[in-house]
Amino acid sequence: MNAELIQEFYLLQQSRANRTYVDVMEEKVYSPIQEANNSVTTWVSRRGKMLMQLETKVERSMRNLKRKFLKF
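Predicted, not measured: the structure shown is a model, and the values here were computed from it.

## A short note on the overall build of the chain
Piece 1. What the chain contains, in helices and strands, is one helix and zero strands.
Piece 2. Since a compact globule built from 72 residues should have a radius of gyration of about 11 Å, the 30 Å found for the chain marks it as more spread out than a globular shape.
Piece 3. Looking at the 72 residues of the chain, the share that counts as buried comes to 0%.
Piece 4. As presented, the chain carries roughly 7400 Å² of accessible surface, and 59% of it is formed by carbon and sulfur atoms.
Piece 5. The averaged location of the 8 negative side-chain charges in the chain is 29 Å from the averaged location of its 13 positive side-chain charges.

Right, here's the structure in full:
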């Protein structure tokens, strides 16, 4: 009986240690990486939208300038 309790206590400590290790890994490694990944993705998305709007504006301006000055 005593050996069974000691083994159960040992298993309980191991399971808590693993859970704590996973929680620490989640908190210290995975969460910051996910936040950084989200920040970079958001930044790239905003920059891409800005560049697409700029390209559309330049294309419209070029079309208007061609109509105005390059009449054939």
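This is not the end of the story, as more comes after the structure.
## Some words on a positive patch on the surface
Piece 1. A contiguous patch of positive charge, built from Lys57, Arg60, Arg63 and Arg67, is present on the exposed surface.
Piece 2. Along the polypeptide, Arg63 turns up in helix α1 (residues 2-69).

## What to know about the environment of Glu27
Piece 1. Among the structural elements, Glu27 can be located in helix α1.
Piece 2. Overall, Glu27 belongs to the exposed group, its relative accessible area being 57%.
Piece 3. Along the primary structure Glu27 and Phe9 are separated by 18 residues, whereas in three dimensions their C-alpha atoms are 27 Å apart.

## Section: the environment of Ser39
Piece 1. Its place among the elements puts Ser39 in helix α1.
Piece 2. Distance from Ser39 to Thr56, taken between C-alpha atoms, is 26 Å for residues 17 residues apart in sequence.

## Overview of a nonpolar patch on the surface
Piece 1. On the surface, Met50, Leu51, Leu54, Val58, Met62, Leu65, Phe69 and Leu70 cluster together into a nonpolar patch covering about 770 Å² of accessible area.
Piece 2. A residue is classified by how much of its surface remains accessible, and Met50, at 42% relative accessible area, is partly exposed.

Criteria and cut-off values
- Residues numbered from 1 in each chain as written.
- Predicted model: local features only at pLDDT ≥ 70, side-chain atom pairs only at ≥ 80, totals over all residues.
- Heavy atoms only, no water.
- Helix = DSSP H or I, 4+ residues; strand = E, 2+ residues; numbered from the N terminus.
- Rg over C-alpha atoms; globule rule 2.2 N^0.38 Å.
- Buried < 20%, exposed > 50% of the residue type's maximum accessible area, 1.4 Å probe, protein only.
- Areas by Shrake-Rupley, 256 points an atom, 1.4 Å probe, with all protein chains shown as cover.
- Lys, Arg positive; Asp, Glu negative; His and termini not counted.
- Charge placed at Lys NZ, Arg CZ, Asp CG, Glu CD.
- Patch = residues over 30% accessible without salt bridge, like charges linked within 9 Å, V, L, I, M, F, W, Y side chains within 5 Å.
- Salt bridge = Lys/Arg side-chain N within 4 Å of Asp/Glu carboxyl O.

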